[in-house]
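# Residue-level structural notes
What follows is each chain in one-letter form.
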Amino acid sequence: MSSEFQIKSIGQVSIRVHDMDVATRFYQETLGLTLLFQTSNMAFFDCNGIRILLGIPEEPRFDHPSSVFYFNVDHINSAYETLINRNVQFLSTPHKIAEMGQTEIWMAFFHDPDHNVHALMSEVPVSQ
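Keep in mind that this is a model prediction, so the values were computed, not measured. (Residues numbered from 1 in each chain as written. Predicted model: local features only at pLDDT ≥ 70, side-chain atom pairs only at ≥ 80, totals over all residues. Heavy atoms only, no water.)

Bringing the sheet that holds strand 4 (residues 50–55) into the picture now. Across a sheet, strands are paired by hydrogen bonds formed along the backbone, either parallel or antiparallel in direction. One open sheet accounts for 4 strands, arranged 1-4-3-2; its pairing is mixed. Two strands lie at the open edges of the sheet, namely strand 1 (12–16) and strand 2 (34–38), each paired on one side alone. Strand after strand, the sheet turns through a mean of 25 degrees between neighbouring axes, direction not considered. With 6 bridges connecting them, strand 3 (residues 42–47) and strand 4 associate as antiparallel partners. If you follow Ala43 over to strand 4, its bridge partner there is Leu54. Together, strand 1, strand 2, strand 3 and strand 4 form the strand contacts of helix 1 (residues 20–30), whose direction differs from that of strand 3 by roughly 10 degrees. (Pairing = 2+ DSSP bridges. Helix = DSSP H or I, 4+ residues; strand = E, 2+ residues; numbered from the N terminus. Axes fitted to C-alpha atoms, helices over the stretch in contact; angles between N-to-C directions. Contact = heavy atoms within 4.5 Å.)

So, in structure tokens, the structure goes:
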């Protein structure tokens with residue numbers, strides 16, 4: 001592999017939205033992400049050092065569902081209950097996806113206001 005080119009990190013991830021005000025409220029107030037700044041057709045959030053850009057598609061070829069974001073949480077059941085109480089529409093309750101050694105991977109999938117699918121994710125020590 002050439003040493004001239006190396007990806008260092010993820011600088012930003014984009015999520016397409018259609019109503020900037022609704023989307024901004026969801027990501028800021030419902031999910032609790034920090035709003036960095038906003039323009040008329042974009043909003044930028046911090047998610048523990050990764051910048052998330054909400055953007056209204058500039059043309060039809062960019063108007064498609066986003067990738068699935070897996071948001072790490074410490075306690076998936078309490079995070080799920082908190083978001084249920086904030087009227088987040090979940091596709092499933094928290095459930096175990098896999099075991100990796102002494103750790104279980106738990107997830108619960110949900111929609112944002114633009115029907116993008118995201119997930120809560122938690123790594124839980126296997127019960128003894």
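In the numbering adopted here, UniProt assigns the feature "domain: VOC" (unreviewed entry) to residues 9–123. The distance separating the terminal C-alpha atoms of residues 9–123 is 23 Å; by composition the span is 18% helix and 42% strand. (UniProt positions renumbered as here; feature names shortened; annotations may be inferred.)

Okay, the packing of aromatic side chains next. Under the counting rule described, the total for this entry stands at 7 aromatic pairs. Plain terms: the ring middles of Phe26 and Tyr27 are 5.3 Å apart, the flat faces sit at 80 degrees to each other, and that makes the pair edge-to-face. As far as burial versus exposure is concerned, Phe26 and Tyr27 are alike and both buried. Between Tyr70 and Phe109, the ring centres sit 6.1 Å apart and the planes meet at 80 degrees, which makes this aromatic pair edge-to-face. Of the two residues, Tyr70 sits in strand 5 (residues 69–72) while Phe109 sits in strand 7 (residues 103–111), which places them 39 residues apart along the sequence. On the accessibility criterion, Tyr70 (40% relative accessible area) is partly exposed. (Phe/Tyr/Trp six-rings, centres within 6.5 Å; stacked < 30°, edge-to-face > 60°. Buried < 20%, exposed > 50% of the residue type's maximum accessible area, 1.4 Å probe, protein only.)

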